[in-house]
Amino acid sequence: DTSKDSGDLKAVKKEIPEFQRVGVKWTAFGFQRDDPVSDLRGGGVLALVNLVYFLERQPIYAMAMLESRRPAETGFDPEKPGFYPFAAAGIN
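Residues numbered from 1 in each chain as written. Predicted model: local features only at pLDDT ≥ 70, side-chain atom pairs only at ≥ 80, totals over all residues. Heavy atoms only, no water.

Focus: the packing of aromatic side chains
- Under the definition given, this model contains 2 aromatic pairs.
- Measuring from ring centre to ring centre gives 6.2 Å for Phe 19 and Trp 26, while their planes differ by 75°; the resulting arrangement is edge-to-face.
- By relative accessible area, Phe 19 is classed as exposed at 62%.
- Overall, the relative accessible area of 22% leaves Trp 26 in the partly exposed class.
- An aromatic cluster is present here, built from Phe 19, Trp 26 and Phe 31 joined pairwise through their rings. (Phe/Tyr/Trp six-rings, centres within 6.5 Å; stacked < 30°, edge-to-face > 60°. Buried < 20%, exposed > 50% of the residue type's maximum accessible area, 1.4 Å probe, protein only.)

Next comes the structure, spelled out in structure tokens:
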């Protein structure tokens, strides 16, 4: 039934947050600033493709790395114990 399928798709879309190019969620993921482009400037698209490849092909290792670090609630602060900029390290 296509009407049921379209209803399921609408429900899934409601759960996916709208894309924001700049925002605090980027630092929570491990970028150094709220604009991920600043971390990508050196490695460019190839660095991003490599990070996505790692996340898609090795999700168990990627999640273990993400869960073992303390997220940057207040932004980039390498002086705080347990801080690990996952995304920035993954693209550099």
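On we go from here.
Re the environment of Ala 87
- The topology assignment puts Ala 87 in helix H6 (residues 86-91).
- For Ala 87, a relative accessible area of 0% translates into the label buried.
- Sequence spacing of Ala 87 and Phe 29 is 58 residues, and the spatial spacing of their C-alpha atoms is 6.5 Å.
- With residues up to four places along the chain from it excluded, the contact list for Ala 87 reads Phe 29, Gly 30, Phe 31 and Leu 51. (Helix = DSSP H or I, 4+ residues; strand = E, 2+ residues; numbered from the N terminus. Contact = heavy atoms within 4.5 Å.)

Observations concerning the pattern of salt bridges
- In the structure shown here, the tally under the stated rule is 1 salt bridge.
- Note that Arg 21 is salt-bridged to Asp 35, the shortest N-O span being 3.1 Å. Note that Arg 21 is positioned in the loop between helix H1 (2-15) and helix H2 (24-29) and Asp 35 in the loop between H2 and helix H3 (37-40), a separation of 14 residues in sequence.
- Residue class for Arg 21 comes out partly exposed when judged on its relative accessible area of 42%.
- For Asp 35, a relative accessible area of 21% corresponds to the partly exposed category. (Salt bridge = Lys/Arg side-chain N within 4 Å of Asp/Glu carboxyl O.)

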